[in-house]
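Examining the three-dimensional arrangement
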Amino acid sequence: MKPVASVKHISESSGRFDFADQLALQLPGQPAAVRNISSFIEVYNAGLAPEARPAGVFMLLGPTGTGKTRTVEMVAGILHGSPRTMIKVDCGEYQTEHEVARLIGAPPGYLGHRETPPVFTQQRLAAVTTPQCGLSVILFDEIEKAAPAVTRVLLGVLDRAVLHLGDNTQVNFENTLIFMTSNLGARGMQREINPGFGFARPCGGRTSEQSRKLEAIAVGAVRKRFSPEFVNRLDAVITYQPLRRPALAEILDQLILEVQVHIDSRLTSRSFWLDVPARTRSFLLEAGTSDEFGARELRRTLHRHVVQPMAAMLVSEDVRPGSVVRARVKGGRVVLERGLHVVIQ
């Protein structure tokens, strides 16, 4: 029987939230991801997760910038207190057959046996758990780029929760959440959203029928790329929808808060308050909305219009500790103001 290390569930009436609530707050615009992942966490907490299988295996599909990788970081952050408490495998680094040895280690007697420790060991899995939760979060980023040898190795992990290393030792994956991200089908999804217009900015909302078409496109691309036995071992295939304006507005608020937290943590006694009024947020949202690049374009827009000129103010020592820097829109551009001093981008 696999040991159960529960995630803290705290009622909303106490002023705090359970896992699903926290994930929904940090991942706006993707209710399917919140619903699917939370259900597997609940099953694990209840002690009903199946034996000899990972606690959950998820394939996250959809266009770039829709929150696939961020989802995994947020899951790790909620479970363990830090988005870095996970194992991330960049599958772009495993595009040839022989590179699978970097995951499982070279067999004894082979060149580089001792110089190539495996990515996955029982100790490494334990290192990304915490006393609050015994689940290890694992991310295979852009799984479609991995060589077929990598997915063949994964078959045993997904089916029996066991990985055989190069020296024939075994690693148990029962207490793991395994995520795979992929952009397979993203081009077809974009054509469905904007037929004949490339990556033009979308107008209007999407219907449930269109959402089903987008999901069919993504899942169809996965079935073409991976073998049926591999796809059949996935617990959930989640298609991320292109972000709508309300979700992007929430993400912008999160990004601005991240900038403030960064200011406080890096500058400490020299920190200041960044004030971004509603009109400026609307300007940034309009400039940063991109159906092609999703939230990544929003992050770049905030960096270009606010963070870079703010850094120039700091370098020239124009910001006093404890002061307020306001980002206002004037003349079709963002202006940073501190008292009587004005710095224009």
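One can find the structure itself at the top, above this paragraph.
What counts and how
Residues numbered from 1 in each chain as written. Predicted model: local features only at pLDDT ≥ 70, side-chain atom pairs only at ≥ 80, totals over all residues. Heavy atoms only, no water. Axes fitted to C-alpha atoms, helices over the stretch in contact; angles between N-to-C directions. Helix = DSSP H or I, 4+ residues; strand = E, 2+ residues; numbered from the N terminus. Parallel < 35°, antiparallel > 145°, perpendicular 65-115°, else oblique. Left-handed = near helix turned anticlockwise from the far one by under 90°. Contact = heavy atoms within 4.5 Å. Nonpolar A, V, L, I, M, F, W, Y, C, P; charged D, E, K, R; others polar. 1 Å grid on protein atoms, 1.4 Å probe; cavity = no way out; pocket = protein on both sides within 12 Å on 5 of 7 lines; lining within 4 Å. Points joined across faces, edges and corners; volume = space filled by probe spheres on them.

Next up on the list: the packing of helix H7 (residues 186-193) against helix H8 (residues 208-225). How two helices pack is summed up by the angle between their axes together with the distance between the axes. Interhelical geometry of H7 versus H8 gives an angle of 155 degrees and a closest axis separation of 8 Å. Considering the angle they form, H7 stands roughly antiparallel to H8. Crossing hand, H7 versus H8: right-handed. Taken together, the residues of H8 that come into contact with H7 (itself represented by Gly188, Met189, Glu192 and Ile193) are Gln210, Lys213, Leu214, Ile217 and Ala218. Across the contact of H7 with H8, the residue classes break down as 5 nonpolar, 2 polar and 2 charged.

Moving on, we get to the layout of surface pockets. Empty space within the largest pocket amounts to approximately 710 Å³. Every residue lining the largest pocket is counted, 28 residues in all, and those nearest its centre are Arg70, Glu73, Met74, Glu258 and Arg299. Every element with two or more residues in the lining of the largest pocket is listed here: helix H3 (68-80), strand S6 (176-182), helix H10 (245-267) and helix H12 (295-315). The element contributing the most residues to the lining of the largest pocket is H10, with 6 residues. Its boundaries defined by the atoms lining it, the second largest pocket holds a volume of some 410 Å³. Forming the walls of the second largest pocket are 14 residues, and the residues nearest its centre are Val259, His262, His303, Val307 and Met310. Mapped onto the lining of the second largest pocket, the elements with two or more residues apiece are H10 and H12. Here the residues of the lining of the second largest pocket sort into 9 nonpolar, 2 polar and 3 charged.

The phi dihedral of glutamate 142 falls on the positive side, at around 55 degrees, and the residue is not glycine. Position of glutamate 142 among the secondary structure elements: in the loop between strand S3 (136-141) and helix H6 (148-160). The phi angle at asparagine 168 is positive, at roughly 75 degrees, despite the residue not being glycine. In this fold, asparagine 168 is placed in the loop between strand S4 (162-164) and strand S5 (170-172).

Read these as layout, nothing more, since geometry by itself doesn't imply function.
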